[in-house]
Amino acid sequence: MVTREELFQETEERIEEITEVLRTCFHDLGEAVYKDQSVLPVKMGVSLLEEVEKAENEMKEALSCREEDNEFVAQFDEIKERKTEVDDEMENLRVEERDVRLCLGALIYEQCSLGLLDRSRFSSVYADSDEEKKLSEKAEGKSLFSRLSSRSALSRMKRSDNSRYLDYSSLIDDEENAVSLSGGNAEALVKKLESVKERRAVLFQEKEDKEYYLSQNISRRKALEKGGLDSDQERVEDSKAAYRETLINYGNYLYDRGGSWVGEKTPTEILDILQKIIEVQNGYRELNERKSKLQKEAKADDY
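The paragraphs below set out a description of the structure included in this document. (Residues numbered from 1 in each chain as written. Predicted model: local features only at pLDDT ≥ 70, side-chain atom pairs only at ≥ 80, totals over all residues. Heavy atoms only, no water.)

1. Examining the overall build of the protein
The secondary structure content of the protein amounts to eight helices and zero strands. Along the protein, from the amino end to the carboxyl end, the secondary structure elements read α-α-α-α-α-α-α-α. In the protein, which comprises 303 residues, the share counted as buried stands at 33%. For the protein, the computed accessible surface area is about 19,300 Å², with 49% contributed by carbon and sulfur atoms. (Helix = DSSP H or I, 4+ residues; strand = E, 2+ residues; numbered from the N terminus. Buried < 20%, exposed > 50% of the residue type's maximum accessible area, 1.4 Å probe, protein only. Areas by Shrake-Rupley, 256 points an atom, 1.4 Å probe, with all protein chains shown as cover.)

Spelled out as structure tokens, the structure:
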């Protein structure tokens, strides 16, 4: 069996629920009329309308600010991610360029050792090639000391092959030197090197642009991460709540003065809202009457 206390508590809970339903109805009425003032014969509740308009503008500003900040964060993070991708691609291209240059350097050295290239243009390569030939001859000579020292020098030259090949490949940066290389492989390597260099130049410019943007906007990004976005959200929620309250007040005002503007030309949508308000208010009245009755009974029992 339900006790009077339980019934009283249930009644209070229902009153809270129906109060919020009634507020929602007033909100819907206020919003409908606010968006279509033509349903009124004359403008009503001017000061309340001004409050609604002000609250709406503040809400729109809050929403716009939040959207702008969210778009900024998304753009910043996207640019940061792209910058990382550019760094990775540039590193891959650096390795690729090094490999191509090593192949070119080895090819240049080989062709110089065969005397196929212009000595004046590739003098440094010919100098190393001539030196290696001399050391090779001495390494096979009669003098033991000469053989040992020459073999040691040859070993040092071999260990520095990569470094020398990279140096030789820089000669190809001169277009006239590049075209003097012979063989299909040489042409393919030169084209590959040019392609890699062009791509690296494009990426280098993109990297600089990205780094500049990030450096100019990092403070704002940190501020938003620290709490700016949360503040934006709170501002939006507060402004929405304030806007809703102004519409509730305006709807309540219109309902109380319904006799002065509701007529045959009133849109069905608004009539439906008014009908619902009447029904909800009747329910609200009944619940309050039940609450009062329960309170009186409780007082009577105390005597």
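2. A closer look at a negative patch on the surface
A contiguous patch of negative charge, built from Asp28, Asp36, Glu269 and Asp272, is present on the exposed surface. For aspartate 36, the position within the fold is in the loop between helix H1 (4-35) and helix H2 (46-113). (Patch = residues over 30% accessible without salt bridge, like charges linked within 9 Å, V, L, I, M, F, W, Y side chains within 5 Å. Salt bridge = Lys/Arg side-chain N within 4 Å of Asp/Glu carboxyl O. Lys, Arg positive; Asp, Glu negative; His and termini not counted. Charge placed at Lys NZ, Arg CZ, Asp CG, Glu CD.)

3. Some words on the packing of aromatic side chains
Per the counting criterion, the structure on display carries six aromatic pairs. Of the aromatic side chains, those joined through ring pairs into one cluster are Phe72, Phe76 and Tyr213. The ring centre of tyrosine 109 lies 5.3 Å from the NZ or CZ of arginine 164, which sits over that ring. Seen from the ring of phenylalanine 72, arginine 220 lies directly overhead, with NZ or CZ sitting 4.0 Å from the centre. (Phe/Tyr/Trp six-rings, centres within 6.5 Å; stacked < 30°, edge-to-face > 60°. Lys NZ or Arg CZ within 6 Å of the ring centre and 35° of its normal.)

4. Notes on the nonpolar core
Core analysis: the biggest nonpolar cluster contains 30 residues, and Leu29, Val33, Tyr250 and Trp261 have the highest contact counts within it. For this core, the elements supplying multiple residues, two or more each, are H1, H2, helix H7 (184-256) and helix H8 (268-302). Of all the elements, H1 adds the most residues to this core, at nine residues. Other than its neighbours up to four places away in sequence, tryptophan 261 contacts Leu29, Val33, Val39, Leu40, Pro41, Met44, Leu254, Thr266, Ile270 and Leu274. Residues Val100, Tyr126, Ile172 and Val190 belong to the second largest nonpolar core, which totals 21 residues. (Core = buried A, V, L, I, M, F, W, Y, C linked by side-chain atoms within 4.5 Å. Contact = heavy atoms within 4.5 Å.)

5. As for the environment of arginine 199
Residue placement: arginine 199 occurs in helix H7. A relative accessible area of 32% means that arginine 199 is categorised as partly exposed. The spacing of arginine 199 and glutamate 89 is 110 residues in sequence and 9.7 Å in space, taken between C-alpha atoms.

6. What to know about H1
Because each turn of an α-helix spans 3.6 residues, side chains separated by three or four positions end up pointing in the same direction. Over its 32 residues, H1 runs 46 Å from end to end, which matches the ideal 46 Å to within 8%, given 1.5 Å per residue. Where H1 is concerned, the buried positions are Thr11, Ile15, Ile18, Leu22, Cys25, Phe26, His27, Leu29, Gly30, Ala32, Val33 and Tyr34. (Expected span 1.5 Å × (residues − 1).)

7. Considerations on H2
Taking 1.5 Å of rise per residue, the 68 residues of H2 would be expected to cover 100 Å, and the 98 Å separating its terminal C-alpha atoms lies within 8% of that figure. Just beyond H2, the residue with positive phi is glycine 115, at close to 70°.

8. Section: the pattern of salt bridges
Applying the stated criterion across every chain, the model contains 25 salt bridges. For glutamate 194, the salt bridge identified is with lysine 197, shortest N-O distance 3.6 Å. Of this pair, glutamate 194 and lysine 197 are both found in helix H7, three residues apart, which corresponds to roughly one turn of the helix. Each of Glu20, Arg23, Arg244 and Glu245 takes part in salt bridges that share partners, so that together they form one network.

9. Some remarks on the environment of arginine 101
Relative to the assigned elements, arginine 101 resides in helix H2. Note: C-alpha distance between arginine 101 and leucine 193 (92 residues apart in sequence) is 7.4 Å. With near-sequence residues (within four places) excluded, arginine 101 lies in contact with Tyr165, Leu166, Ser169, Ser170, Asp173, Leu193 and Lys197.

10. Focus on the environment of serine 260
Looking at the secondary structure, you find serine 260 in the loop between H7 and H8. Considered as a pair, serine 260 and proline 41 are 219 residues apart in the sequence and their alpha carbons are 8.7 Å apart. Setting aside residues no more than four positions away along its own chain, serine 260 makes contact with Pro41 and Met44. Within the local environment of serine 260, its side chain forms a polar contact with the backbone oxygen of arginine 257, the two atoms lying 2.7 Å apart. (Polar contact = N/O pair within 3.5 Å; in protein donor to acceptor, adjacent residues only side chain to side chain.)

11. Here we look at the side chain of arginine 221
As for its position among the elements, arginine 221 is in helix H7. For arginine 221, a relative accessible area of 13% translates into the label buried. Leave out the neighbours within four places in its chain, and arginine 221 touches Phe72, Val73, Phe76 and Asp77.

The analysis is restricted to geometry; functional conclusions fall outside its scope.
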